[in-house]
There are 2 protein chains.
Amino acid sequence: MNSKTDIKIGLFGFGTVGQGVYKVLGQTKNAHAEIKRICVRNITRPRKTATPAGLLTDNAADIFDDPEINLIVELVDDADASFRIVSQALCRGIPVVSGSKAMIARHLPELIEMQHAHNTALLYDASSCGSIPVIRNLEEYYDNDLLLEVKGILNGSSNYILSRVFDHGENYTDALQHAQELGFAESDPTFDIEGYDALFKLIIITVHALGQFVPADRVFTVGISHIRDCDIRYAREKGQKIKLVAQVAKVSDRSFTMFVMPELVEKSKYIYSVDDEYNGVVIRGECYDRQFMFGKGAGGLPTASSILSDIMARRHDYRYEYKKMKYVDRPSYTTDVTIRVYIRYDETPVPTLIPFTKVYEQLITPKDKYIIGDVQLSDLIARRRLFDSHDVFIANIPVLYTDRDN
Amino acid sequence: MNSKTDIKIGLFGFGTVGQGVYKVLGQTKNAHAEIKRICVRNITRPRKTATPAGLLTDNAADIFDDPEINLIVELVDDADASFRIVSQALCRGIPVVSGSKAMIARHLPELIEMQHAHNTALLYDASSCGSIPVIRNLEEYYDNDLLLEVKGILNGSSNYILSRVFDHGENYTDALQHAQELGFAESDPTFDIEGYDALFKLIIITVHALGQFVPADRVFTVGISHIRDCDIRYAREKGQKIKLVAQVAKVSDRSFTMFVMPELVEKSKYIYSVDDEYNGVVIRGECYDRQFMFGKGAGGLPTASSILSDIMARRHDYRYEYKKMKYVDRPSYTTDVTIRVYIRYDETPVPTLIPFTKVYEQLITPKDKYIIGDVQLSDLIARRRLFDSHDVFIANIPVLYTDRDN
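Residues numbered from 1 in each chain as written. Chains lettered and ligands numbered in written order. Predicted model: local features only at pLDDT ≥ 70, side-chain atom pairs only at ≥ 80, totals over all residues. Heavy atoms only, no water.

### Examining the overall build of chain A
Heads up, the rule is: Where helices and strands are cited, they refer to DSSP runs of H or I of at least four residues and of E of at least two residues respectively, numbered from the N terminus. The atom set for the radius of gyration is the C-alpha atoms, and the globule formula is 2.2 Å times the number of residues raised to the power 0.38. Relative accessible area decides the class of each residue, using a 1.4 Å probe on protein chains only: under 20% of the type maximum gives buried, over 50% gives exposed, and in between gives partly exposed. The contact rule is simple, with two residues in contact once any of their heavy atoms fall within 4.5 Å. The accessible surface values rely on the Shrake-Rupley method and a 1.4 Å probe; as for residues, cover is taken only from the protein chains in view. Asp and Glu count as negative and Lys and Arg as positive, but His and the ends of the chain are not part of the count. One atom stands in for each charge, and that atom is NZ of Lys, CZ of Arg, CG of Asp or CD of Glu.
Counting secondary structure elements, chain A contains 13 helices and 17 strands. At 22 Å, chain A has a C-alpha radius of gyration in line with the 22 Å of a compact globule built from 406 residues. Principal axes of the C-alpha set define a box for chain A whose edges measure 70 × 50 × 35 Å. Here chain A holds 406 residues, and the buried ones make up 63% of them. Put simply, 74% of the contacts in chain A that link residues at least 6 apart link residues at least 24 apart. As displayed, chain A has an accessible area near 15400 Å², and 48% of this comes from carbon and sulfur atoms. One finds the centroid of the 48 positive side-chain charges in chain A at a distance of 2 Å from the centroid of its 55 negative side-chain charges.

Right under this line is the structure:
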């Protein structure tokens, strides 16, 4: 696309983010981009944003068959429909900007193939951390071997809930409802709360950080829904907060590990101060040590501003090159890593079920039971179902393979 | 340059950052870039980094006339020499990566012309905030009209000194010496301390943030060398810190202002926690509100990692497009802005010399004298010499045109 060409957008989906994009494009006189058609499931559904007659359609062909449309923006809240739209567009050689992290995390290898086969582009910076430019920076600025770790709070909704519960003494159900009312939570809140939203973002980040795609089912993922007052009390007594943290880190020159888990975060760490719906990402590397990026990670307008960045990038034919996938000696994914965890439990006999290699602390009272010890990540994955039960809460204590604070 | 071409670098300057680049390139097996020749003023000067025989030369022609060299990295600590090298390279169509902020801030319009006339590129992300990717993100990710303000701690050396003085009770001279010993201070420390280093970075940032070049002599710039115990005490009593802050901000749709000045920073602001040699930049815009980027802003290796990012970007023919300079309705620079300031003085009759439009607080004791009031920025610029005298300290109190915390 020539940089002087105006961008004519076919938009799929007109929810919070879609309406945000519509609003933002109307505000920016130098965007040289306009939405030509919006495809929705139900035209007559009442929406906050008024649109000119004829802009909305329920027929995808009105977008796909319009030769003037040179960019598809896909913001559909259903991973299967989203994949159909994006793959159809890419196979027709139409570039796409997408915010569908679940779909991208699931299909990224195919989507990369399609971009290559049909010489077109799929951009998705908005899919990770809303307004924070994580993907673009990993792909471009951190395009070298120095990168060691990407770690952060990637889900605004669960972070908002934890902030309400942890800092404001709200109960969990009220906090969840507030998050949904404010539009921070996805339509299926379990995605946010059980860590899957953060996992999908982490999978995408890992492709651009280390050039490796790891399928979701291979990554240990535990969310925050089992948190109880005693866990909050435990963290508070140590001057810590509990945050839902996603991380990918090199553990040697040859291997890296990744997981999503609540973490006991010390006050000295950057992510300690990331509260409410904010996201914060720490990028650690040789030479530059740590960099921290912080911004709004949820909400219609912040995400829309990121979609706008991707739209503008297409004016200059920008595409991800997936450079690190071509690196020699890419590190391999391993779960053969010792991590230290806090596990609080009720009836489940955690100490006998989990093969701790070392135990540091154990409390057994009629009210509270917890154990702190070292365990192999692979052993946790093998006992994944234990953490689905409603009386077990696990939190990472980051001490072992990261030798300095982040 | 084809992405499969290896990069052969001619390096000018082999000081702290130059040696850092040499070291970093040796560590990164996927850089596909090597230093072919290093031009220095004095070959025989002892250096920490050992180099193979024949790598060093004192003859610039050994680099300019080598047809294999396809990138010049310029890290010379003398703005005039730096400009001669960079303009010679660009006029020969050789792309350049430079870290010379003073030279770039002075000559940017000419350098943009040269890049255009000779169809080549000059990258300088390392020139602003060391390892933090500010320029690249302003140019690419924030390529839209939403941007309202860029504000931050851009000079690691003065920030290190303020941290030592402010948080550790060191005296100013000791703190300055420590900064120099640690390699955080430029060879001429007045650049750091009097705010010029931050100013040069701000000028470069403003080109990429708002598409406007403002010459250094038009920008109100005051540094930290006049800070006294009573200023530190004043800030501490209010629970604040004093930081040297550079900022550029739109004050209306049509205009923006910029200045470099110490600031009384409240605890709730992001930059309050930016201590020691770190830099922190707050980017504020419509829709995404505030984003914060934080990282090491000084030192050989962090800066070298940023130089590496620019080198790698050249493998993909990356160049700044200076897109915002082509925007319609770019805002114009104005100093017709009211700001609120704290001015501490001794013998100079500040209250009669400065035309305050409103005074909020005034203290006159045998020991301390200060005044807090609103003043036009243009009136401060007209009285610029007042702040060179050794008994006047000015600090911005950010309340007027920024309505929310940053």
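### So, the sheet that holds strand S5 (residues 96–98) of chain B
Residues and elements named next belong to chain B. Heads up, the condition is: Whether two strands pair comes down to DSSP finding at least two bridges between them. As a rule, the C-alpha atoms of each element are fitted with a line to give its axis, helices using only the stretch in contact, and angles between N-to-C directions run from 0 to 180 degrees.
Ordered by their spatial adjacency, six strands build an open sheet running S3-S2-S1-S4-S5-S6, and the pairing between neighbours is parallel. Only two strands of the sheet have a single neighbouring strand rather than two, namely strand S3 (56–57) and strand S6 (122–123). Here S5 pairs with S6 via two bridges, running parallel. Within S6, the position partnered with valine 96 by the bridge is leucine 122. Together, strand S1 (7–12), strand S4 (71–74), S5 and S6 form the strand contacts of helix H3 (residues 79–91), whose direction differs from that of S4 by roughly 170°.

### As for the nonpolar core
This is how it is decided: Throughout, nonpolar core names a set of buried Ala, Val, Leu, Ile, Met, Phe, Trp, Tyr and Cys residues whose side chains join them through atoms within 4.5 Å.
Residues Ile9(A), Ile72(A), Leu111(A), Ile311(A), Ile9(B), Ile72(B) and Ile311(B) are the most contacted members of the largest nonpolar core, which totals 224 residues. If near-sequence neighbours (up to four positions away) are discounted, Ile9(B) is found in contact with Leu25(B), Ala33(B), Glu34(B), Ile35(B), Lys36(B), Arg37(B), Ile69(B), Leu71(B), Val73(B) and Ile311(B).

### A short note on the relation of the copies chain B and chain A
Under the convention used in this document: Only residues with pLDDT of at least 70 in both copies count here: their C-alpha atoms drive the least-squares fit that superposes the copies.
Superposing chain B onto chain A takes a rotation of 180° combined with a translation of 0.0 Å along the rotation axis, leaving an RMSD of 0.0 Å. Here the copies are linked by what is in effect a two-fold axis. The rotation axis passes nearest to the C-alpha of Met293(B) in chain B, at a distance of 2.4 Å. When the interface residues of chain B are mapped onto chain A, 100% of them again lie at the interface, so the same face is used by both copies.

### Quick word on the pattern of salt bridges
We apply this condition: Put simply, a salt bridge is a Lys or Arg side-chain nitrogen that is within 4 Å of an Asp or Glu carboxyl oxygen.
Tallied over the entire structure, the rule returns 58 salt bridges over all chains. When the shortest N-O distance is used, the salt bridge between Lys36(A) and Glu68(A) registers 3.1 Å. With Lys36(A) in strand S2 (residues 33–39) and Glu68(A) in the loop between helix H2 (61–64) and strand S4 (71–74), the pair connects residues that are 32 residues apart, well separated along the chain. For the salt bridge of Lys296(A) with Asp289(B), the shortest nitrogen-to-oxygen distance reads 3.6 Å. Here Lys296(A) is found in strand S12 (residues 289–296), whereas its partner Asp289(B) is found in strand S12 (residues 289–296) on a different chain.

### Topic: the sheet that holds strand S5 (residues 96–98) of chain A
Residues and elements named next belong to chain A. Pairing is parallel in the open sheet, where six strands are placed in the order S3-S2-S1-S4-S5-S6. Strands with a single pairing partner mark the edges of an open sheet, and in this sheet they are strand S3 (56–57) and strand S6 (122–123). Across four bridges, the pairing between strand S1 (residues 7–12) and S4 is parallel. When the bridges of S4 are listed, leucine 11 appears paired with valine 73. Where helix H11 (residues 300–314) meets the sheet, its contacts fall on S1, S2, S4, S5 and S6, and the angle it forms with S4 comes to roughly 165°.

### Side note on the interface of chain B and chain A
Our working definition: Two parts placed together each lose some accessible area under a 1.4 Å probe, and the buried area is that loss summed for both. Any pair of nitrogen or oxygen atoms within 3.5 Å is treated as a polar contact; in protein, a donor-acceptor pairing is required on top of that, and neighbouring residues in sequence qualify only through side-chain atoms on both sides. Each residue gets one of three labels, nonpolar for Ala, Val, Leu, Ile, Met, Phe, Trp, Tyr, Cys and Pro, charged for Asp, Glu, Lys and Arg, and polar for the others, Gly among them.
Taken together, the contacts link 46 residues of chain B with 46 residues of chain A. Across the chain B/chain A interface, buried area totals approximately 3900 Å², and carbon plus sulfur atoms make up 53% of it. Area buried by chain B at its contact with chain A is led by Asn30(B), Tyr141(B) and Cys287(B), which between them contribute 18% of it. At the junction of chain B and chain A, the tally comes to four salt bridges. The interface formed by chain B and chain A holds 17 residue pairs in polar contact (both at pLDDT 80 or more) in total. Mapped by element, the contributors of at least two residues to the side of chain B that touches chain A are helix H1 (16–27), helix H5 (134–139), S12 and helix H11 (300–314) of chain B. Take the side of chain B that touches chain A: its biggest share by element is eight residues, from S12(B). When grouped by side-chain class, the residues that make up the side of chain B that touches chain A number 20 nonpolar, 13 polar and 13 charged. Examined bridge by bridge, S12(A) and S12(B) share three bridges and lie antiparallel to one another. Bridge pairing links Met293(A) to Met293(B) in S12(B).

### Digging into the packing of helix H3 (residues 79–91) of chain A against helix H4 (residues 101–117) of chain A
Residues and elements named next belong to chain A. To be explicit about the condition: Each angle is binned into one of four classes, with values under 35 degrees roughly parallel, values over 145 roughly antiparallel, values of 65 to 115 roughly perpendicular, and all other values oblique. For any pair of crossing helices, the crossing counts as left-handed if the nearer helix is rotated counterclockwise from the farther one by less than a right angle, and right-handed if it is rotated clockwise.
Direction vectors running N to C along H3 and H4 enclose 15°, while the axes themselves pass 11 Å from each other. Accordingly, the angle class assigned to the pair H3 and H4 is roughly parallel. By crossing handedness, the relation of H3 to H4 is classed as right-handed. Residues Ala79, Ser82, Phe83, Val86, Ser87, Leu90 and Cys91 of H3 touch H4, and the partners they reach there are Ala102, Met103, Arg106, His107, Glu110, Leu111, Met114 and Gln115. Broken down by class, the residue content of the contact of H3 with H4 amounts to nine nonpolar, four polar and two charged.

### Some remarks on the packing of aromatic side chains
This is how the line gets drawn: Between 30 and 60 degrees the pair is tilted, below 30 it is stacked and above 60 it is edge-to-face, where a pair is any two Phe, Tyr or Trp rings, Trp via its six-membered ring, whose centres lie within 6.5 Å. Here, over-ring charges are defined by two tests on the NZ atom of lysine or the CZ atom of arginine: distance to the ring centre within 6 Å, and angle to the ring normal within 35 degrees.
Considering all chains together, one arrives at 34 aromatic pairs over all chains under this definition. An aromatic cluster is present here, built from Tyr270(A), Tyr278(A), Phe292(A), Phe294(A), Tyr270(B), Tyr278(B), Phe292(B) and Phe294(B) joined pairwise through their rings. The cationic tip of Arg136(B) hangs over the ring face of Tyr318(B); the distance from NZ or CZ to the ring centre is 5.1 Å.

### Here we look at H11(A)
Cut-off, in case you're wondering: Each helix should span, by expectation, one fewer than its residue count multiplied by 1.5 Å.
Taking 1.5 Å of rise per residue, 15 residues should cover 21 Å, and H11(A) covers 21 Å from first to last C-alpha, within 8% of that figure. Of all 15 residues in H11(A), 14 are buried, a share of seventy percent or more.

### As for the environment of Leu377(A)
All names here are of chain A. Examined against the element boundaries, leucine 377 turns out to sit in helix H13 (residues 377–382). Sequence separation of leucine 377 and valine 219 is 158 residues, and the distance between their C-alpha atoms is 9.7 Å. What leucine 377 contacts, discounting residues up to four positions off in sequence, is Phe220, Thr257, Met258, Phe259, Thr335, Val337 and Ile339.

### What about the state of the cysteines?
We apply this condition: Only a pair of cysteine sulfur atoms within 2.5 Å qualifies as a disulfide here.
Applying the stated rule across the entire model yields zero disulfides over all chains. Looking at Cys91(B), it has no disulfide partner, and the nearest cysteine sulfur is the one in Cys39(B), 18 Å off.

### A short note on the pairing of strand S15 (residues 358–364) of chain B
Residue and element names in this part refer to chain B. In this sheet, strand S16 (residues 369–376) lies alongside S15 in antiparallel orientation, the contact comprising six bridges. Among the inter-strand pairings, valine 359 is bridged to a residue of S16, identified as glycine 373. Between the antiparallel neighbours S15 and S16 lie four residues.

### Remarks on H3(B)
Residue and element names in this part refer to chain B. Compared with an ideal rise of 1.5 Å per residue, which puts 13 residues at 18 Å, H3 spans 18 Å between its outermost C-alpha atoms and is within 8% of the ideal. Of the residues making up H3, those classed as buried are Ala81, Ser82, Phe83, Ile85, Val86, Ser87, Ala89 and Leu90. On the buried face of H3, the contacting elements are S1, helix H2 (61–64), S4, S5, helix H4 (101–117) and S6. Two or three places before aspartate 80, at the start of H3, stands the capping residue aspartate 78, its side-chain oxygen 2.9 Å from that residue's backbone nitrogen. One or two residues past the end of H3 sits glycine 93, with phi positive at roughly 80°.

### Some details on the pairing of S12(A)
Residues and elements named next belong to chain A. In terms of burial, S12 is largely enclosed, as eight of its eight residues are buried. Relative to S12, strand S11 (residues 278–285) runs antiparallel, the two sharing eight bridges. Residue pairing across strands places valine 282 opposite phenylalanine 292, the latter belonging to S12. Once S11 ends, the chain turns through three residues before running back antiparallel as S12, passing cysteine 287 with a positive phi of about 75°.

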